[in-house]
Amino acid sequence: MDAKLQELIDGLNEDLAHEYAASIMYTYNAATVQGLYYQVLKPFFEGEIADEQGHALYLAEKIKTLGGTPTTKPAEVKQLSDVKDMLEEARRAEKDTIQRYETRKKQAEELGYTELVVKLDDMIADETGHMEEMERLLADPRLS
């Protein structure tokens, strides 16, 4: 296998592990959030789960199509109890994901995988929206 293609597959597997982790993080957060923000954040976190799982499914299928084997291991997930910490960690995870996808997009462009480039753009838009939602929630002065 071409070294550049293998590098892309390895990167997509890293992305896949982080999408698994995001799904776990949002599931955990939805199940454990409590206090004043429970009624707002529980459905918010639950809503994020389906997006992350959709990204994971796409990545796993693309890895297989490119000749690789999709990972089954998630990246590490922090178990946080403070609402502000949950939101800050989620924002950081979304920002990191955007950066990884930007790198993957460049790799896919170099290899001529137009469909993957377009899909990564869509996923970057999704993750940017998630990150901006976290920022709006964190702007609440009561979280300080």
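Residues numbered from 1 in each chain as written. Predicted model: local features only at pLDDT ≥ 70, side-chain atom pairs only at ≥ 80, totals over all residues. Heavy atoms only, no water.

Per an unreviewed UniProt entry, the chain goes by the name Ferritin-like domain-containing protein and belongs to Pontibacillus yanchengensis.

### Structural notes on the UniProt feature "coiled-coil region" (unreviewed entry) in the chain
Under the UniProt annotation, "coiled-coil region" (unreviewed entry) lies at residues 84-111. Within the segment residues 84-111, helix and strand shares are 100% and 0% respectively, and the terminal C-alpha atoms sit 41 Å apart. (UniProt positions renumbered as here; feature names shortened; annotations may be inferred. Helix = DSSP H or I, 4+ residues; strand = E, 2+ residues; numbered from the N terminus.)

### A closer look at the packing of helix α1 (residues 3-32) against helix α3 (residues 83-111)
One way to put it is that α1 packs onto α3 with a least axis distance of 10 Å and a crossing angle of 160°. In terms of their interaxial angle, α1 and α3 are classed as roughly antiparallel. The hand of the α1/α3 crossing is left-handed. Here the residues of the contact of α1 with α3 sort into 11 nonpolar, 6 polar and 10 charged. (Axes fitted to C-alpha atoms, helices over the stretch in contact; angles between N-to-C directions. Parallel < 35°, antiparallel > 145°, perpendicular 65-115°, else oblique. Left-handed = near helix turned anticlockwise from the far one by under 90°. Nonpolar A, V, L, I, M, F, W, Y, C, P; charged D, E, K, R; others polar.)

### Quick notes on α1
Note: α-helices contain 3.6 residues per turn, so residues at a spacing of three or four share the same orientation. Along its 30 residues, α1 runs 43 Å from first to last C-alpha, staying within 8% of the 44 Å computed at 1.5 Å per residue. The opening residue of α1 is D2, an N-cap whose side-chain oxygen sits 3.1 Å from the backbone nitrogen of K4. (Expected span 1.5 Å × (residues − 1). Polar contact = N/O pair within 3.5 Å; in protein donor to acceptor, adjacent residues only side chain to side chain.)

### Some words on the side chain of E19
By secondary structure assignment, the location of E19 is in helix α1. Despite being buried, E19 has no salt bridge partner; R100 is the closest side chain of opposite charge, sitting 6.2 Å away. When neighbours within four sequence positions are excluded, E19 is seen to be in contact with E52, H55, A56, L59, T97, Y101 and E127. (Buried < 20%, exposed > 50% of the residue type's maximum accessible area, 1.4 Å probe, protein only. Lys, Arg positive; Asp, Glu negative; His and termini not counted. Salt bridge = Lys/Arg side-chain N within 4 Å of Asp/Glu carboxyl O. Contact = heavy atoms within 4.5 Å.)

### Looking at the pattern of salt bridges
Evaluated as defined, the whole model comprises 11 salt bridges. A salt bridge links E110 to K4; its shortest N-O distance comes to 3.0 Å. In this pair, E110 is assigned in helix α3 and K4 in helix α1, connecting sequence segments 106 residues apart. Among the ionic pairs, R142 bridges to D140, the shortest N-O distance being 2.8 Å. Judged by relative accessible area, which is 61%, R142 ranks as exposed.

### Here's the deal with the packing of aromatic side chains
Each aromatic ring pair is described using two quantities: the centre-to-centre distance and the angle formed by the ring planes. Overall, the coordinates contain 2 aromatic pairs when judged by the stated rule. Ring centres of F44 and F45 lie 5.7 Å apart, and the angle between their planes is 55°; on these two criteria the pair is classed as tilted. Here F45 falls in the buried class, since its relative accessible area comes to 0%. Here the aromatic residues Y26, F44 and F45 are joined through ring pairs into a cluster of three or more. (Phe/Tyr/Trp six-rings, centres within 6.5 Å; stacked < 30°, edge-to-face > 60°.)

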